[in-house]
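Overview (structure and organization)
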Amino acid sequence: MRILRTIAEVRAAVREAKAAGRSVGLVPTMGAFHEGHLSLVRAAREQNGLVVVSLFVNPTQFAANEDLSTYPRDEARDAAFAEAEGVDILFAPEPAEIYPDGFATNIHVAGITEVLDGASRGPHHFDGVATVVTKLFGIVQPDVAYFGQKDAQQVLVVRRVVRDLDLDVRIVACPIVREPDGLAMSSRNVYLDADARAQSTALNRALDAADAVHRAGERDGASILSSAHAVLSAAGIAVEYLELQDAETLQPVTRIERDALLLIAARVGAARLIDNHLLTATDTTEATP
Ligand code: PAF
């Protein structure tokens, strides 16, 4: 595995791989690898001749009051994991390589960025994500790029950018990877102390409760939401948001007639956690003959 710091080096390596007929898979990350990241890397490894993992804690997607300075960073550990998974290139640039003096472009996606994390964290968040991901696509020119479904809104934003700007890259969303007790894996889980870690399982339990009600045939949005709320409030968690939204447009859903996402964000101890679950219009526990 090569650790590359500059855009020119990555371009040269990708050019060579493409000339040899190898497809290029990109896994954009901010490091602090866990099994969720590794599942993306494994999917990329299975499906491509050249696997590039980017490791860049993107400053523009953090607000001033967020955790940019404390975000977990351990490049040597991440590099060891990446190497063990057969990654070809770890692209770990300095901020000035990505945002040189005079950098003045911003990619803004309207609509779907104005709700959920866009509303909670502010418009800079998805502008920062869309801009850096577009740059990474420009630098690496991947055939396929891999994202985690835990960041469901991010996946929709990236898909929108790709569609609207006619970028020649296929987006693959990989399933959420969970701890044995259901907590969705996240680099921010390291902020949880023992009490908060125990409390954090309520997020997935709330999604499971809503899923059970939905599978039993409930289609009313308010009833589904209240089953999730009950679990969260019993665990003493005050949510930042708990919403049922159309799985493509992120418009609020009052009745499930198409696929819908149930999405949660909550502060648990020192961590801000997000999680989500897809409720499909057809899911039910009744066996179909
Ligand atoms: O999901 C992440 O880790 C980041 O938002 C991403 C996609 C690498 C962009 O900085």
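1. Let's talk about helix α6 (residues 123-140)
Taking 1.5 Å of rise per residue, the 18 residues of α6 would be expected to cover 26 Å, and the 26 Å separating its terminal C-alpha atoms lies within 8% of that figure. Of all 18 residues in α6, 14 are buried; the element is thus mostly enclosed. Downstream of α6 by one or two residues, Q141 has phi in the positive range, about 50 degrees.

2. Quick notes on the sheet that holds strand β8 (residues 260-268)
Pairing within the open sheet is antiparallel, and its three strands lie in the order β7-β8-β9. Only two strands of the sheet have a single partner each, and these edge strands are β7 (239-246) and β9 (271-279). For this sheet, the mean angle separating the axes of adjacent strands, direction not counted, is 10 degrees. Its contacts with the sheet place helix α9 (residues 221-234) against β7, β8 and β9, and it is angled at close to 155 degrees to β7.

3. Some remarks on the pattern of salt bridges
For the structure on display, the rule yields 16 salt bridges. With a shortest N-O distance of 2.8 Å, R188 and D67 are connected by a salt bridge. Here R188, found in the loop between β6 (170-174) and α8 (194-215), pairs with D67, found in the loop between β3 (50-55) and α3 (75-84); they are 121 residues apart in sequence, far enough to count as distant. Each member of the pair, R188 together with D67, is buried. A salt bridge links E240 to R272; its shortest N-O distance comes to 2.7 Å. Residue E240 is located in strand β7, and its partner R272 is located in strand β9; the two are separated by 32 residues in the primary sequence.

The rules behind each value
Residues numbered from 1 in each chain as written. Predicted model: local features only at pLDDT ≥ 70, side-chain atom pairs only at ≥ 80, totals over all residues. Heavy atoms only, no water. Helix = DSSP H or I, 4+ residues; strand = E, 2+ residues; numbered from the N terminus. Expected span 1.5 Å × (residues − 1). Buried < 20%, exposed > 50% of the residue type's maximum accessible area, 1.4 Å probe, protein only. Pairing = 2+ DSSP bridges. Axes fitted to C-alpha atoms, helices over the stretch in contact; angles between N-to-C directions. Contact = heavy atoms within 4.5 Å. Salt bridge = Lys/Arg side-chain N within 4 Å of Asp/Glu carboxyl O.

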